[in-house]
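# Observations on the model geometry
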Amino acid sequence: MRGLAKTDRTEGAMELIDVDRPEPGPGEALVEVAYAGLCGSDAGIYEFESAFERMELPTIIGHEYAGTVVETGTDVAEYEVGDRVVERPIRGCGECYQCRIGEENVCRNSTITGVDHHGAYTQFVAVPEGALHPIPDGLALADAAIVEPTSIGARAVIQNSRTSPGDRVLVAGPGPIGQLTAQIARAQGGDVAVAGVGQDAEYRLPLAEELGFDTINVEEADLDAIREERTDGVGYDVVFDTTGHPSGLTMAVDEVRKGGQIVLVGQTGETTMPYSPLVRGEIDLQCSYASMYEDFERSLRMIDSGTVDTDSFVDDRFSLLEADDAFEAFVAGQTCKPRFDVSELHA
Ligand SMILES: [Zn+2]
Ligand SMILES: [Zn+2]
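One structure accompanies this document, and this report is about it. Bear in mind the structure is a predicted one, so any value in this text is a computation, not a measurement. (Residues numbered from 1 in each chain as written. Chains lettered and ligands numbered in written order. Predicted model: local features only at pLDDT ≥ 70, side-chain atom pairs only at ≥ 80, totals over all residues. Heavy atoms only, no water.)

### A closer look at the overall build of the protein chain
A tally of helices and strands in the protein chain yields 11 helices and 18 strands. Relative to the 2.2 N^0.38 estimate, which gives 20 Å for 347 residues, the radius of gyration of the protein chain is 20 Å and therefore close to what a compact globule would have. A total of 347 residues make up the protein chain; the buried ones form 54% of that total. Put simply, 68% of the contacts in the protein chain that link residues at least 6 apart link residues at least 24 apart. Looking at the protein chain as shown, the accessible area adds up to about 15000 Å², and 44% of this sits on carbon and sulfur atoms. (Helix = DSSP H or I, 4+ residues; strand = E, 2+ residues; numbered from the N terminus. Rg over C-alpha atoms; globule rule 2.2 N^0.38 Å. Buried < 20%, exposed > 50% of the residue type's maximum accessible area, 1.4 Å probe, protein only. Contact = heavy atoms within 4.5 Å. Areas by Shrake-Rupley, 256 points an atom, 1.4 Å probe, with all protein chains shown as cover.)

Below you can see the structure in the form of structure tokens.
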């Protein structure tokens, strides 16, 4: 079977390779992939950021997908051939302290599908059944493929923020996680604005507007004036930083109200800033990482109910046969959530 793999430790270096169809081991289901999304971390592998130096190459990438069980290994209890499923791609080791106390999202020895073992940009993946979730009847595979990034937003908003009805909320970063976080924060009762930079003006900020949000281009707008108007000069109750850029945190500190909350979701590298305003404002600085079983279950239901809109969010213009186009467009902010029809690989 063909799959799109990272093949070299340089920028780009994504190629279609041939690998054997995996055999499902004990407790594993073999899933035929239908649709798969392109995620910020896939773009990180494309650019080969330092977080991915541990990868053994070539590795087929891709971790957000939906598919159908086509074979089961021995001892599989919950799934049978024909079941439609999504995978939780970050796997806890099950043995470290964090896994034992139910914090497997911060497992000390976690492995990630499409990074530490072959991922979903190919026809078949073998998955331990404990990492699978059934897709609700009536929810299309194409829509379910977006559940993994949705679960990141769900964890950030529902588990890790105090967003409440009437709260003024700012989401910094109109990438996929930002757009999903904004939708879930709105469902939680927040009055949400989405902020981006100049390169977002072409695609991502208009997309946020299409999803019903007021948007702010921080390179052009007068942030003080907008904060004055949107929050009566008080500042935002909750600011989510999904930018993945060092300026995200410093901007969040400027925008949050005293006594408010900053939720860091993007991984922003290094920044230097005075932190006394955080202390003197008694700002609640909360981080949110990955997602867990409950976040997936909620996300499947939020996509099914339309609380999270996948139709306008997803971009079907790209193909795994010309994947560089999708990665280049993603890095340039000219798309938000490319979704591939994986069956093209074996058509
Ligand atoms: Zn992802
Ligand atoms: Zn662990």
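### Remarks on the side chain of Asp-200
In this fold, Asp-200 is placed in the loop between strand 12 (191-196) and helix 6 (204-210). One buried charged residue, Asp-200, remains without a salt bridge, the closest side chain of opposite sign being Arg-204 at 4.6 Å. In terms of polar contacts, Asp-200 uses its side chain to reach the backbone amide nitrogen of Val-197, at 2.8 Å. In this structure Asp-200 touches Pro-174, Leu-205 and Pro-206, once residues within four positions along its chain are discounted. (Lys, Arg positive; Asp, Glu negative; His and termini not counted. Salt bridge = Lys/Arg side-chain N within 4 Å of Asp/Glu carboxyl O. Polar contact = N/O pair within 3.5 Å; in protein donor to acceptor, adjacent residues only side chain to side chain.)

### Thoughts on the coordination of the zinc ion (ligand 2)
Binding of the zinc ion (ligand 2) to the protein goes through Cys-93 (SG), Cys-96 (SG), Cys-99 (SG) and Cys-107 (SG), at separations of 2.3 to 2.4 Å. For the zinc ion (ligand 2), the four donor atoms are set out with angles of 103 to 119 degrees between them, so the coordination reads as tetrahedral. Mapping the donors of the zinc ion (ligand 2) onto the primary sequence gives the spacing C-x2-C-x2-C-x7-C. (Donors = N, O, S within 2.8 Å, 3.2 Å for Na, K, Ca; no water. Tetrahedral: all angles 85-135°; square planar, octahedral: opposite > 155°, others 65-115°.)

### Details of the sheet that holds strand 16 (residues 284-287)
Read from one edge of the open sheet, six strands run 13-12-11-14-15-16, paired in parallel fashion. The outermost strands of the open sheet, each flanked by one partner alone, are strand 13 (214-217) and strand 16. The average undirected angle you get between the axes of adjacent strands in this sheet is 20 degrees. Of the strand pairs in this sheet, strand 12 and strand 13 are connected by four bridges, and their pairing is parallel. Bridged to Ala-193 within strand 13 is Asp-214. (Pairing = 2+ DSSP bridges. Axes fitted to C-alpha atoms, helices over the stretch in contact; angles between N-to-C directions.)

### Focus on the pattern of salt bridges
For side chains of opposite charge, pairing can occur when their charged atoms come near one another. Overall, the coordinates contain 17 salt bridges when judged by the stated rule. Here Arg-339 and Asp-316 are joined by a salt bridge, their closest N and O atoms 2.8 Å apart. Of this pair, Arg-339 sits in strand 18 (residues 337-341) while Asp-316 sits in the loop between strand 17 (314-315) and helix 11 (323-331); the two residues are 23 residues apart in sequence, bridging distant segments of the chain. On the basis of relative accessibility, which here comes to 9%, the residue Arg-339 falls in the buried class. Residue Asp-316 is classed as partly exposed on the basis of its relative accessible area of 48%. Linked by salt bridges that have partners in common, Asp-143, Asp-316 and Arg-339 make up one network.

### Remarks on the packing of aromatic side chains
Summed over all chains, the structure comprises two aromatic pairs. Both rings, one in Tyr-46 and one in Phe-327, keep their centres 4.8 Å apart while their planes meet at 5 degrees; by these two values the pair is stacked. In this pair, Tyr-46 is assigned in helix 1 (residues 40-47) and Phe-327 in helix 11, connecting sequence segments 281 residues apart. Since its relative accessible area comes to 4%, Tyr-46 is described here as buried. Look at Tyr-121 and Phe-340: their rings are 5.3 Å apart centre to centre, the planes differ by 85 degrees, and that puts the pair in the edge-to-face class. Highlighted residues: Tyr-121 in the loop between strand 8 (111-112) and strand 9 (124-128) and Phe-340 in strand 18, separated in sequence by 219 residues. For Tyr-121, a relative accessible area of 0% corresponds to the buried category. Its relative accessible area of 0% is what places Phe-340 among the buried residues. (Phe/Tyr/Trp six-rings, centres within 6.5 Å; stacked < 30°, edge-to-face > 60°.)

### Some details on the environment of Leu-320
In this structure, Leu-320 sits in the loop between strand 17 and helix 11. Residue classification places Leu-320 among the buried residues on the basis of a relative accessible area of 2%. In this structure the C-alpha to C-alpha distance between Leu-320 and Asp-341, which are 21 residues apart in sequence, comes to 7.8 Å. Those residues in contact with Leu-320 that lie beyond four places of it in its chain are Leu-4, Leu-16, Tyr-121, Phe-340, Val-342, Glu-344 and Leu-345.

### Considering the coordination of the zinc ion (ligand 1)
For the zinc ion (ligand 1), the full set of protein donor atoms is Cys-39 (SG), His-63 (NE2), Glu-64 (OE) and Glu-148 (OE), at a range of 2.2 to 2.5 Å. In this structure, the zinc ion (ligand 1) is coordinated by four donor atoms arranged in irregular fashion, with angles at the metal of 81 to 161 degrees. For the zinc ion (ligand 1), the single-chain donor residues occur in sequence as C-x23-H-E-x83-E. Residue Cys-39 is found in the loop between strand 3 (28-37) and helix 1, and its partner His-63 is found in the loop between strand 4 (59-60) and strand 5 (64-72); the two are separated by 24 residues along the sequence. In this pair, the class of Cys-39 matches that of His-63, namely buried.

### Observations regarding helix 11
In an α-helix, one turn spans 3.6 residues; hence positions three or four apart end up facing the same way. All buried positions along helix 11 are accounted for by Ala-323, Ala-326, Phe-327, Ala-329 and Phe-330. All buried residues of helix 11 project into a common sector of 165 degrees when viewed along the axis, lining one side. On its buried face, helix 11 sits against strand 1 (2-6), strand 2 (14-18), helix 1, helix 5 (176-187), helix 6 and strand 18. Gly-333 sits one or two positions beyond helix 11 and adopts a positive phi of about 75 degrees. (Arc of directions from axis to C-beta.)

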